[in-house]
Amino acid sequence: MKREELAPETKALIRAQMTRRSLLVGAGAVVGAGTLAACGTGGSTSAEGVVDVSDTEKIVRWANWPLYLDFNENSKEYPTLKAFEAATGITATYTEDIDDNNTFYGKVQGQLSIGSDIGYDVVTPTDWMASRWIEQGYAQKLNAENIPNKSNIRKVLQDVPFDSGRNYSLTWQSGFAGFGWNVEKIPAGVRTIEDLFKPANKGRIVVLSELRDTMGIILQYQGVDPSKSFTEDQYMNAIDFLKGKIADGFIRKVRGNSYSEDLVNGDAVAVIGWSGDLFILKSENDNKFDFAIPESGGTLWSDNMLIPSTSTHKKNAELLMNYYYEPAVAAQVAAYVNYICPVEAAQPELEKIDPELAASPFIFPDAATLEKVKVFRPLTADEQTNFQTAFDEAIGN
Amino acid sequence: MAFLHTAASSTTGPRSGLKSRSWTPYLLLAPGLIWLVTFFIFPILSLASTSTMVRPDGAQIGTYVQEFRLANYIDAFQANQEQYIRSFVYAGIATILALAIAYPLAYMIAFKSGKYRNILLVLVVAPFFTSFLLRTVAWTQILGDEGPIVQTLKLLPFVGDSMRLTSTPFAVVSGLTYNFLPFMTLPLYASLERIDPRTLEAAGDLYANGLTTFRKVTVPLSMPGVVAGTLLTFIPAAGDYVNAAILGSPSTKMIGNVIESRFFAVVDYPTAAALSFTLMATILILVTLYIRRSGTDELV
């Protein structure tokens, strides 16, 4: 990658210098295990850099999205995580603290920038946000020796634009954004934008507040490929389309994960939503809901495990990543979360648990399914600011 | 040594006594002052400094440099005046509604509740036992299209099938009113309860009927409670974003939602800071005018 001129660690140091100069915060930037960041004008950071204390402190703290790890309702435990603890002697603290990429970043960014512990050793932001973490030097470089299972990663996920060769991140799960609908209210289903914005659905449509999913689907409907270098004008056309649908009263709300509540309580009959959520809703509500990738194209996204620059349990975190890349473990997670499994070799393992799921193109997608979806291209900092402002203004903020 | 020590420490001469007394108020104030400086003055200064920063072209997300650009305020206001005005309108309506609901309630608890007074007071604050957020989410279920209220209303002949309550200004204002009602009720109750019943009896003895007594005696004496209650409702309601986010739609967003979006989603800290400052200043001006008008300067 051409834009990788400076190592993220170096960039972080430069940025820390700039920050100090602008008198925003004064404290040491601490990045990368073993990196000695010499600075610190006070503040609560370990000025001598992050030292990996994994061997003496057998803990790992993991922040993830809600409903994103196999959970046993009866014992109130995460079976795979418990097995990890038993096998390694590492105590894992698992929290569902990530509800939104932006909010989570906003919450921890201040601490990351001054190098003070954010309280997590593994975090799982989505591609574009993972890209920001790596770019800004907030992620530690992985030690491949501790993660031999890294090679199990699905081929298409191996060389992503933001982390070619996966030196900083490993995919946790991937998913599709597409149409979800209430089968009782719309027996014919929703497969095109026209189906979604049918007069009968007026005022009962909810779309995602995740820019890349909602705009990615609208752009493709307008014949623009969001994975290629589309122009600002093309993007603004799609924004106008969204604005129009809001002004006409078709779109009732623009929300994050909570669109599932609207489907359940009946405020929404059709949504732009995520594949895994809708399959969970479907199985929990006697097939009352369904999901399809739009005919004009859906989006594909992944959430990525990263080790924050402030983590002092890097090795433990790497062992955790390695564990979840074991096919049998990955299959157990896939059986619960219903998202795309990053470990292709988990398919035969999942067959043993649930043959029907193992055959699902939404968990182990075939080439035909992958052809229908696009990954939103990386945006420059200027584009990100302008596009996000335009999107937020369109949705009323 | 021991003697000297005791003598020294037990000096209670008039001069040293005065000296130590003159320091006492400052020592007593210290915790509060330190608190204020760390959690109010310092953040306010940092917010003020952020509000005039500029992101250099092509710089990383979240990188801003100080350029003392005051035009940030004008830009931020012009781009968002719709939500800005809406916030004050919603907060105003919610405050009036809350007053209309809370006054009779507080009056009843203060004068007519007898032995149930304490139970009723506990019930007023009972909603605080569950999370603010959860209660607001619960409203989406109650007001939802398939919820009991909409379904019942639809039975009425003049209510159309497209009738809905959530994602409307009605839902947002109701949410605000509901969530801030205890803040209105408690100060009202406190000032009503303090009214000496003999003043009401005296009004009766002077041939005032019930309504006149209420108008000429009860209301004026409860004014401190009205002012405190309206302020405690209006100020947080104007800056609230939870109700609009959960119960509203894109066309009912308030300024709090914009600030949240600029801060978290766009990572445009200067705009978020400028909007916060403008909001703060407007509230301060409105409150000053209001207190002047209502003639209860002793409150501030």
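Rules and cut-offs
Residues numbered from 1 in each chain as written. Chains lettered and ligands numbered in written order. Predicted model: local features only at pLDDT ≥ 70, side-chain atom pairs only at ≥ 80, totals over all residues. Buried ≥ 20, exposed ≤ 12 C-beta atoms within 10 Å, placed from the backbone. Helix = DSSP H or I, 4+ residues; strand = E, 2+ residues; numbered from the N terminus. Pairing = 2+ DSSP bridges. Contact = placed C-beta atoms within 7 Å. Nonpolar A, V, L, I, M, F, W, Y, C, P; charged D, E, K, R; others polar. pLDDT = per-residue confidence, 0-100.

Residues and elements named next belong to chain A. Residues Phe289 and Phe291 point to one face of strand S10 (residues 289-292) and are all buried, whereas Asp290 and Ala292, pointing to the other face, are not buried. Pairing of strand S6 (residues 169-182) with S10 involves four bridges; the strand directions are antiparallel. Its bridge partner being in S10, Asn182 is matched across the sheet by Phe289.

Right, let's get into the interface of chain A and chain B. By a frequent convention, interface size equals the accessible area lost on bringing the separate parts together. Counting from both sides, the interface comprises 26 residues of chain A and, opposite them, 30 residues of chain B. Those elements that provide at least two residues to the side of chain A that touches chain B are helix H3 (101-114), strand S8 (251-255), helix H9 (259-265) and helix H16 (381-394) of chain A. Of all the elements, H16(A) adds the most residues to the side of chain A that touches chain B, at seven residues. Each residue belonging to the side of chain A that touches chain B can be placed in one class, and the counts come to four nonpolar, 15 polar and seven charged.

Residues and elements named next belong to chain B. For chain B, the average pLDDT comes to 88, and 91% of its residues sit at 70 or higher. Confidence scores differ between elements of chain B, with helix H1 (residues 2-9) showing the lowest mean pLDDT of 43 and helix H3 (residues 71-112) the highest of 96. In this model residues 1-13 is a low-confidence stretch, pLDDT under 50, and it forms two contacts with partners more than four residues away in sequence or in other chains. Interface confidence for the predicted complex, given as ipTM, is 0.83, next to a pTM of 0.82.

Attention now moves to the pairing of strand S7 (residues 205-208) of chain A. Residues and elements named next belong to chain A. Here four bridges tie S7 to S8, and the two strands are oriented parallel to one another. Looking across to S8, one finds that Val207 is bridged to Val254. Relative to strand S9 (residues 270-274), S7 runs parallel, the two being bridged by two bridges. Among the inter-strand pairings, Ile205 is bridged to a residue of S9, identified as Ala270.

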